[in-house]
Structures are given as C-alpha cells and as structure tokens.
Amino acid sequence: MSEKSSSSGSDEDVDPESGQPVELGGVLSKWTNYIHGWQDRWVVLKNNTLSYYKSEDEREYGCRGSLCLSKAVITPHEFDECRFDISVNDSVWYLRAEDPEHRLQWIESIELHKAESGYGSETSLRRHGSMLSLTSAASALSATSTSSFKKGHRLREKLAEMETFRDILCRQVDTLQKYFDSCADAVSKDEFQRDRVEEDEDDFPTTTRPDGEYNHNNNGSKEKLFPPASPKGINGIDFKGEAITFKATTAGILSTLSHCIELMVKREDSWQKRLDKELEKRRRVEDAYKSAMHELKKKSHYGGPDYEEGPNSLINEDEFFDAVEAALDRQDKIEEQCQSEKVRISHSSSVTSGDTYSTIGTHRLANKVEEMVQNHMTYSLQDVGGDANWQLVIEEGEMKVYRREVEENGIVLDPLKATHSVKGVTGHEVCHYFWDTDVRMDWETTIENFNVVEKLSDNAIIVYQTHKRVWPASQRDVLYLSAIRKIMATNENDPDTWLVCNFSVDHNNALPTNRCVRAKINVAMICQTLVSPPEGDKEISRDNILCKITYVANVNPGGWAPASVLRAVAKREYPKFLKRFTSYVQEKTAGKPILF
C-alpha cells in the first residue's frame, strides 16, 4: 500500500506564517462493510475536517464523507499496529495506515488539527489574524450547522453544536474580559501619572507645545507624556480580531438557535398531526360505541329470535359466517380433547357375512329401498369428468370433492360427490362401519344423540338423530332409513359393490317438533374392493387390497341460511368427515382378518 502526504513530519505540520496545521493527504484503508471489507481511499485532513474520496483522481467530484474533528475521539487499535478508529458521536471510521509510522503521523496530525482548530482558544486567537479567525468561525458555522441541518440531522446534534459554540464563546468572553481589565488598569495608571505631572508642573514650569503632546526638558530633548496604545493592545491581545471572532461566534449561535427552532417547529407539527389523528380515531371509536349501544337498545337481546337464521335475520352474511366458523372451531377443539377417550371406550362391532346383505328384504319399504339402490348404482357411479355442471372444489391426495350448485326457493341444495381410495380395507368393512349404529358415535362428531326408531330387517333400520347446534344456525334433526346392500358383479372381472344408502322418511314415532328444523337427506356410500395379486404363493394381505369409495350427498337444510355459509361449511366439513371416517376404519381393521 502506498501513501502520499503533503507533510512528512510533525515538526513541519504547522505553517510558520499562519500558524495553522497544514493539509495532509494520503491513501488509507477504510472499512466499508462486511461484503467489501477494507478498501483504499484517498483521505484529506484540512481545516479541522477529515474527508475521504474514492481516489485522488476523483477529488473533483466531491468527498464521499467527512468528519469534523472538534469533538472526535481517536483510538489506536490495541492489537493492529496499523489501525486507528475515529469516532464522532455515533459515527465511527475504521482506518488502517501502511505501517505503524504512518499511523503515528496521521494520529499526531489529527490531534494537532483538533488542538488548533480555530474555534476560539486563547492561543489561536493570539496567533491568528482577524480575517483567519473570521474564516475559521464561518467555516465551522457552515460545516457543522448549515450542512448538517440540510442533511436532516436530529435536534440532539444541534444541541451538541450549541454546546460547542458555548465553549468557544466562554473562552472568547474570558479573553475579552482580560483585555477590558487590562484597559481599566492602564486608565487608572494613566490618571495617576497625569496627577503627578500636574504637581510637577506647578513646582517646575516647562515649555509645552500647543498640542500638549510633548514635554521639553532642560537639555533640549522632548519626552512623550502619554505613549499611544500598541496596535496589538494590552498583553498582546488583538482586540479587533477578537471582536470579529466574537461576532462570528454569536452569529453561529443565532443561526444554530434558528435551526433548533425550525426543528422543534417541525416536530411540533408532526406531533400535532399525530395528536389530531389519535383524536379523530378516538372520536370515531366513541361514535361507533354510541351507535352500537343505541342499536343494542333498540333490538332484541343478543341471541334472541331476531338473531336466528332466516331471511330477516339481523345478522348479516359475514357475521353469520364468522359465527358458524367460530362454533365449528370450538367443536373441533372439543373433539380433539375427547379423541383419546373415545379410542379407550370404543365399541366392538362384529361384521356380518355378505350373504345377509345381498337380499332385498320383505319389509314395507323394501321397494323404496330397492329404487334408491338402483338409482345410486346408475347415477352415482357415473364419471363426473365430462360433466361441466360438476365443479372440483377440493383435491387432497387421492380424495377429490365435487359440487353442483342448485338452489330452490332461495334454499341451497347443492349435491356433493367425493371420490377416495383407501389402502388396507375392503368395501365390506367400510360400509359396515358406516352403517352400524353401535359404533356411530366413535367416529361421528356432529351428532348430539340418536336412536333406532324401527328395525325393518337385518340390513335396514330407521334412525332419528339430532345434530349439534352451530349458532346462529338452528338445530337440525334427521329421520332417515339406512340400508346396507351387497351388489353382486354381473361380470366376473368386475368387483362386487357394497353400498349404504340413507334417505329421509316419515314415521309416527318421530314427528317434527318446534325445537329443531327437520332436514332432508339422500346419502350413499358406495365401495368397491380392488385386489392386486401377491408375489408367489403368498396369501393376500391388507397391503394387496385397495378400496375405491364414492360418497354422494344431497341435503336439504330445511330452512333458510346464507348460501355462501352453507357452501363454505360443506366444503370444510365433508373432506374432514371422510378422512376421519376412513382413518377410523383403518384403525379398527388393522391386524384383523380381511372380510370381503
């Protein structure tokens, strides 16, 4: 690293004519940041200011940064012999010289500039001429006050400048006070000398010139009575220079005070705007509170009939949705807490052979059951891919959920269809656990209570169940016939199909009541078992079986509710139900013999 400087030693660092430290310039390494590290920069020390440029050739483009050294702290590094740090308030420069000698030269020069900064010390006031003092003070004013104000420095830095000017002014006042005291002493001595001369003239008359300036002695020489004041003043103090510097300092103080006032005014405006905003916010909140209290007094009590579901409900659609979602979230948390307990007290269920479920039955609703089974086998298993009316709303792994939007008289009747593939279980097992009421409460979380109203046959029952209420929606109940069937494949290459269909019916032992809204349903769980051949002579295991599930649901909620709420709840709850149920079946059948 090369370094150039305009001075070579500390003995020559002071200009003999002006008494000021001379300019020093050279290459120093400056720490930039963690990415670029140390970079060579051309550094100039002049007029108590340390500036740096990217290179010596780019000085004409202006410096990249500068520090006023009046309050700088120079710290040689403890371990790096070439490094020294310069800090002014919160700003720190990390610099490295070419070798320890150059570091010492820079440190001594900087300290000299600090000591002889031209800020009004007694020695600098005696040494500097009046014009130099004025220039020094003016440059300090422009460098430390005006430029920093333009850069938006904070009020704290302005107050630091005021402290600097105060120190300067105190030293100048002390110097001028000494000058005035010396003048007062000189005047006292002069009056005393005049009194003595007058007494001597009364005793020894002498010839005096008309201007009274000289006294002629007997030997013909003349003596000056009152010698004129020295141009340098008393005790070598340049009064004119002191006065000019004093004036420049006071001007700097006034300018800085002006800047401080402007900063405070700006801050006052900023805080006033903030206060106005806060007052406006408070006013709006108070108005909203008063309005809410007024409306609350006018309306029925919260939770009353005016807040129930219906086209004239006082709850708007967004509030309705938020309330339903919050209630469902609470139910999910409760279900998670009770899940472990459910596993411990889960009921046992024996799976009946498939032959029992392959007959139609002879009960009074047998024809209706057969009609519903055939409809589901015909329409529910149709592929939805080519039907534009079905919309894919959810796809999670093997599970896909479709919806077709249907409304009648403002009531949402959207049919839903879900397809899923579950490993390790058969269609017989899935349909059994879906139909068996003994294990219904082990996996169904939306039911409050249920009971079997009538058993029609071994594979058909009528069930009444009430669902948990999700406020502000009304509580629902359902009365439906549930039948399980095994449909034999007509082609030996096709798998058998297991089906559970649940559809609403009427029964004298479960008439509608005012406590609940009676919903209508038509639901089917259709399952087919696919078997992949095992390797060699191995027996078929659960790793070789896959159950393809088709679940269809047509639900009439039985009353009005916002369409967006019903569709959002269906989109949220149906996939959760299907995953929860199939996971339950996998847990129940794990390690047990396979039932086809």
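Look up a bit, the structure's there.
These numbers were taken from a predicted model, which means no experiment stands behind them.

A. The overall build of the protein chain, seen in detail. Secondary structure summary: the protein chain contains ten helices and 21 strands in total. Considering the protein chain as a whole, with its 596 residues, one finds that 38% of them fall into the buried category. Expressed as a percentage of contacts within the protein chain between residues at least 6 apart in sequence, the contacts between residues at least 24 apart total 60%.

B. Seen up close, the packing of aromatic side chains. With the rule as written, the count across this model stands at twelve aromatic pairs. Against the face of tryptophan 38 rests arginine 96, its NZ or CZ located 5.9 Å from the ring centre. In this arrangement the basic side chain of arginine 440 is found over the ring face of phenylalanine 450, its NZ or CZ atom lying 5.9 Å from the centre.

C. Quick peek at the nonpolar core. Judged by nonpolar contacts, the single largest core of 34 residues is most densely connected at Val430, Phe434, Met525, Tyr551, Phe577 and Phe581. Residues Val373, Val453, Tyr464 and Leu481 belong to the second largest nonpolar core, which totals 20 residues.

D. Here's a closer look at the pattern of salt bridges. Overall, the coordinates contain 19 salt bridges when judged by the stated rule. Here arginine 282 ties to glutamate 286 by a salt bridge, and the two come within 3.2 Å at their closest N and O atoms. Taken together, the residues arginine 282 and glutamate 286, both in helix α5 (residues 239-298) and four residues apart, mark about one turn of the helix. You can call arginine 282 exposed: its relative accessible area is 55%. In this structure, glutamate 370 and arginine 485 form a salt bridge, with 2.8 Å as the shortest nitrogen-oxygen distance. Residue glutamate 370 is found in helix α7 (residues 366-380), and its partner arginine 485 is found in strand β17 (residues 476-487); the two are separated by 115 residues along the sequence. Among the charged side chains, a network of salt bridges with common partners joins Glu280, Arg283, Arg284 and Asp287.

Parameters at a glance
- Throughout this document, residue positions are counted from 1 along each chain, in the order its sequence is written.
- Owing to the predicted nature of the model, reporting of local features is limited to residues with pLDDT of at least 70; listing and counting of side-chain atom pairs is limited to 80 or more, with chain, interface and lining totals taken over all residues.
- Think of the side-chain values as coming from all heavy atoms in the structure, minus any hydrogens and water.
- Working definition: helices are DSSP H or I runs of at least four residues, strands are E runs of at least two. Numbering for both runs from the N terminus.
- Accessibility here uses a 1.4 Å probe with only protein chains present; expressed as a share of the type maximum, an area under 20% marks a residue as buried, one over 50% as exposed, and anything in between as partly exposed.
- Residue contacts follow a heavy-atom distance rule, with two residues in contact if any of their heavy atoms lie within 4.5 Å.
- Pairing of aromatic rings covers Phe, Tyr and Trp, the last counted by its six-membered ring, and requires centre-to-centre distances within 6.5 Å; plane angles under 30 degrees mean stacked, over 60 mean edge-to-face, and any other angle means tilted.
- Counted as over-ring charges are cases with an Arg CZ or a Lys NZ within 6 Å of the ring centre that also lie within 35 degrees of the ring normal.
- We define a nonpolar core as any set of buried Ala, Val, Leu, Ile, Met, Phe, Trp, Tyr and Cys residues linked to one another through side-chain atoms lying within 4.5 Å.
- Criterion for a salt bridge: a side-chain nitrogen of Lys or Arg within 4 Å of a carboxyl oxygen of Asp or Glu.

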